Amino acid sequence: MIHALIHAMAGAILMTIRQTGYIGIAALMAAESACIPIPSEVIMTFAGYLASVKTLSFVGVILAGTIGGVTGSLAAYALGAYGGLPFLRRHGRKILISPRDLDLAHDWFARHGQTTVFFARLLPIVRTFISLPAGVARMPLAPFILYSTIGSAIWCAGLAWIGLRLGQHWRELNPYMHGIDDAVAVGLGLLLILAVRRHRATPAADDSDAGHK
């Protein structure tokens, strides 16, 4: 059952990108940057693979991912600026957003200031949530957009380049698997397992922290 669910989720991501191309990449990356924990590593690496087989262009993939990332970041910024943070603290676990994730992003922003928006874009987990504390702090919009754009572009380019380089190796896996869908399903499955384990490992600590705030 778990394998079927993971395979279905992987298939949904791949189908979205295959059927809608750049629009699908932008939409998925927007969702990831708007605090929905869809692994951008899967999105952009697979997009890079499609660039390797000339289905999409490498530059187009990076642009789509960057535009989506900035759009989602603005949505998360607005959520933080207009009071959505308490809702996420209360109900975020239902979509794998723990108080620990939110606190991590908040601490990063508090320690490093506005430039955190750039550096956090290059880090898993933190990148997904960093726009929330930026919105809460009402960071000026112009530098927020600038840092988000540069950081997202570097992240998307790096992952797409990996997918581009791995394209030939993925095709070599076909005799051992049913196709590229299986290879990506395995990667997505590992990411999902890690995410679920991380959230299940710290509920008591999160609840205790919430009780002291």
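Everything numeric in this text was worked out from a predicted model, so none of it was measured.

Each value, and the rule that gives it
Residues numbered from 1 in each chain as written. Predicted model: local features only at pLDDT ≥ 70, side-chain atom pairs only at ≥ 80, totals over all residues. Heavy atoms only, no water. Helix = DSSP H or I, 4+ residues; strand = E, 2+ residues; numbered from the N terminus. Buried < 20%, exposed > 50% of the residue type's maximum accessible area, 1.4 Å probe, protein only. Contact = heavy atoms within 4.5 Å. Areas by Shrake-Rupley, 256 points an atom, 1.4 Å probe, with all protein chains shown as cover. Axes fitted to C-alpha atoms, helices over the stretch in contact; angles between N-to-C directions. Parallel < 35°, antiparallel > 145°, perpendicular 65-115°, else oblique. Left-handed = near helix turned anticlockwise from the far one by under 90°. Nonpolar A, V, L, I, M, F, W, Y, C, P; charged D, E, K, R; others polar. Core = buried A, V, L, I, M, F, W, Y, C linked by side-chain atoms within 4.5 Å. Expected span 1.5 Å × (residues − 1). pLDDT = per-residue confidence, 0-100.

**Digging into the overall build of the protein chain**
Reasoning step 1: Across its full length, the protein chain carries 12 helices and zero strands.
Reasoning step 2: Ordering the α and β elements of the protein chain from the N terminus gives α-α-α-α-α-α-α-α-α-α-α-α.
Reasoning step 3: For the protein chain, with 213 residues in total, the buried portion stands at 46%.
Reasoning step 4: Relative to all contacts within the protein chain whose residues are 6 or more apart in sequence, the contacts with residues 24 or more apart total 77%.
Reasoning step 5: Of the accessible surface of the protein chain, which amounts to about 10900 Å², a share of 69% is contributed by carbon and sulfur atoms.

**So, the packing of helix H3 (residues 40-52) against helix H4 (residues 58-81)**
Reasoning step 1: H4 packs onto H3 with a crossing angle of 155° between their chain directions and a minimal axis gap of 9 Å. Judged by the inter-axis angle, H3 sits roughly antiparallel to H4. Remark: the crossing between H3 and H4 carries right-handed chirality. Across the interface between the two elements, Met 44, Ala 47, Gly 48 and Ala 51 from H3 touch Phe 58, Val 61 and Gly 65 from H4.
Reasoning step 2: Residue classes in the contact of H3 with H4 are distributed as five nonpolar, two polar and no charged.

**Let's talk about the nonpolar core**
Side chains of nonpolar character tend, in soluble globular proteins, to be buried together.
Reasoning step 1: Core analysis: the largest hydrophobic core is formed by 23 residues, its most contacted members being Ile 13, Ile 17, Ile 25, Ile 43, Met 44 and Val 61.
Reasoning step 2: Those elements that place two or more of their residues in this core are helix H1 (2-20), helix H2 (22-33), H3, H4 and helix H10 (141-172).
Reasoning step 3: Sorting elements by how many residues they give to this core places H3 first, with seven residues.
Reasoning step 4: Residue contacts for Ile 25: discarding those within four places in its chain leaves Ile 17, Ile 43, Met 44, Ala 47, Leu 56, Val 61, Ala 64 and Gly 65.

**Some thoughts on H4**
Reasoning step 1: Over its 24 residues, H4 extends 35 Å from the first C-alpha to the last, a length consistent with the 34 Å expected when each residue adds 1.5 Å.
Reasoning step 2: Looking one or two residues past H4, Gly 83 carries a phi angle of roughly 95°, positive in sign.

**Overview of unusual backbone geometry**
Reasoning step 1: Notably, Lys 54 is not glycine yet its phi reads approximately 70°, a positive angle.
Reasoning step 2: Inspection of the secondary structure assignment puts Lys 54 in the loop between H3 and H4.
Reasoning step 3: The exposure class of Lys 54 is exposed, given its relative accessible area of 71%.

**Describing H3**
Reasoning step 1: End to end, H3 covers 18 Å across 13 residues, agreeing with the expected 18 Å (1.5 Å per residue, within 8%).
Reasoning step 2: Summarising burial for H3: 12 of the 13 residues are buried, a large majority.
Reasoning step 3: Within H3, burial applies to Ser 40, Val 42, Ile 43, Met 44, Thr 45, Phe 46, Ala 47, Gly 48, Tyr 49, Leu 50, Ala 51 and Ser 52.
Reasoning step 4: Of the residues trailing H3, Lys 54 is marked for its positive phi of about 70°.

**Re the packing of H2 against H3**
Reasoning step 1: At a minimum axis distance of 10 Å, the contact between H2 and H3 shows a crossing angle of 160°. Looking at the two axes, H2 sits roughly antiparallel to H3. Viewed along their axes, H2 and H3 form a crossing whose handedness is left-handed. Across the interface between the two elements, Ile 25, Leu 28, Met 29 and Glu 32 of H2 pack against Ser 40, Ile 43, Met 44 and Ala 47 of H3.
Reasoning step 2: Here the contact of H2 with H3 is composed, by residue class, of six nonpolar, one polar and one charged.

**Overview of the confidence of the model for the protein chain**
Reasoning step 1: Here the protein chain averages 75 in pLDDT, while 62% of its residues score no lower than 70.
Reasoning step 2: Confidence drops under a pLDDT of 50 for residues 202-213, and excluding neighbours within four residues, the segment shows nine contacts in the predicted structure.

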